[in-house]
Amino acid sequence: MVTAIRFATSLLAKIVCSGFKVVLGLTAMSAILMGTAAPGFAAPVVSTFDASNDGWNISGSDVGVYTWESAGGNPDGYIRYDVTQDGAGGWISAPSQFLGNWSNLDGVGTLSYDHQIFNLGAAVFLVNVGAIIVGADGSSAQQIITLDPPVVGSWETFSMSILEADWVITTGNWSSLLANVSSLSLKIEAVGNNDQPGDIDGIDNVFLSDTPLSAVPVPATVWLFGSGLLGLVGMARRKKA
Ligand SMILES: [Ca+2]
Ligand SMILES: [Ca+2]
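Residues numbered from 1 in each chain as written. Chains lettered and ligands numbered in written order. Predicted model: local features only at pLDDT ≥ 70, side-chain atom pairs only at ≥ 80, totals over all residues.

Caption draft 1: Focus on the overall build of the chain. A count of helices and strands for the chain gives 3 helices and 12 strands. Counting only residues that meet the buried cut, the chain has 29% of its 241 residues in that class. Sequence separation of at least 24 residues holds for 77% of the intrachain contacts in the chain that already meet a minimum separation of 6. (Helix = DSSP H or I, 4+ residues; strand = E, 2+ residues; numbered from the N terminus. Buried ≥ 20, exposed ≤ 12 C-beta atoms within 10 Å, placed from the backbone. Contact = placed C-beta atoms within 7 Å.)

Right, here's the structure in full:
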């Protein structure tokens, strides 16, 4: 009897041990498989600027003053740029949490932000906003949205699909750009002023999502759509739910 129990215990130990080896083997194999796949972008990421500038680069050699404001945004904190005169800059640059491998956002992702023109300034000849992305390989793409006529004094949301057809590739290649995005810049200075006294602008609620534009869930406090069509999509979704 004792021998039988010893045998059964030993057999059980062997089975557990070999099962453990199989588990170990599978774990090692999946680790190898996972190791070969490039890590995707952990979307969504958002900057509300409510507690700080959230690591965005708002310095620069421009003719104007960048500040983080704790109130007056959409809501609360935001980034503000008071342009004394047109300069070479007028862009703010994203911190590392917005950068990296965007390949999994290709064709499905959405980049959006809120912008307000507080003051147009003098001699207005062009008003636009938009984004530039640059890859570690030197590839770059931009999407510029012309505002005609511009809305002054209220927050507007601008949303861009991460879709090659929507961007102008200025250098290199879309796929290799997305494989390692090393820089994302948003145009905060919206108004061309022909070197006359400049515009005053703000940016709030930068949002990078892995969800298509038409399916982005919309917290009402963050998303005040500039587009009536998008507003209708949002309403349709709420009705269904
Ligand atoms: Ca805010
Ligand atoms: Ca300007």
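Now that the structure is up, let's keep going.
Caption draft 2: Highlighting unusual backbone geometry. In this structure, the amide linkage connecting A43 to the following residue, P44, adopts the cis form with an omega of 0 degrees. Here P44 lies in the loop between α1 (2-36) and β1 (45-47). The phi torsion at N205 lies on the positive side, around 50 degrees, for a residue other than glycine. Residue position: N205 is located in strand β12 (residues 200-209).

Caption draft 3: Local environment of the nonpolar core. By size, the foremost hydrophobic cluster in this structure holds 40 residues, and its most contacted members are I79, I92, L186 and I203. When residues of this core are assigned to their parent elements, the largest contribution, 5 residues, is made by β12. (Core = buried A, V, L, I, M, F, W, Y, C linked by C-beta atoms within 7 Å.)

Caption draft 4: Structural view of the pairing of strand β5 (residues 110-119). The element β5 is largely enclosed, with a buried count of 8 among its 10 residues. Here β5 pairs with strand β8 (residues 156-161) via 6 bridges, running antiparallel. In the sheet register, S112 faces β8, and the bridge partner there is S159. Alignment of β5 against β12, held across 8 bridges, turns out to be antiparallel. Opposite N119, over in β12, you have I200 as the bridge partner. (Pairing = 2+ DSSP bridges.)

Caption draft 5: Broad picture of the confidence of the model for the chain. Confidence in the prediction of the chain, expressed as mean pLDDT, is 81, and 71% of residues score 70 or more. For the stretch residues 7-37, pLDDT sits under 50, and the model shows 0 contacts to residues farther than four places along the chain or on other chains. Segment residues 219-241 is flagged for pLDDT under 50; beyond a separation of four residues in sequence, or across chains, it makes 15 contacts in the model. (pLDDT = per-residue confidence, 0-100.)

Caption draft 6: Representation of the environment of I188 within the structure. With respect to the secondary-structure elements, I188 resides in the loop between β10 (181-187) and β11 (191-192). Given 26 C-beta atoms within a 10 Å radius, I188 is considered buried. With 107 residues separating them along the chain, I188 and Y81 place their C-alpha atoms 7.0 Å apart. When residues no more than four places from it in sequence are discounted, the contact partners of I188 are I79, Y81, G90, W91, I92, D201 and I203.

Caption draft 7: Structural context of the environment of N101. Along the chain, N101 turns up in the loop between β4 (91-93) and β5. Along the sequence, N101 and S176 sit 75 residues apart, while their C-alpha atoms lie 9.5 Å from each other.

Caption draft 8: View of the environment of F98. Relative to the elements of secondary structure, F98 occurs in the loop between β4 and β5. Taking the C-alpha atoms as reference points, F98 and V181, separated by 83 residues in sequence, lie 8.6 Å from one another.

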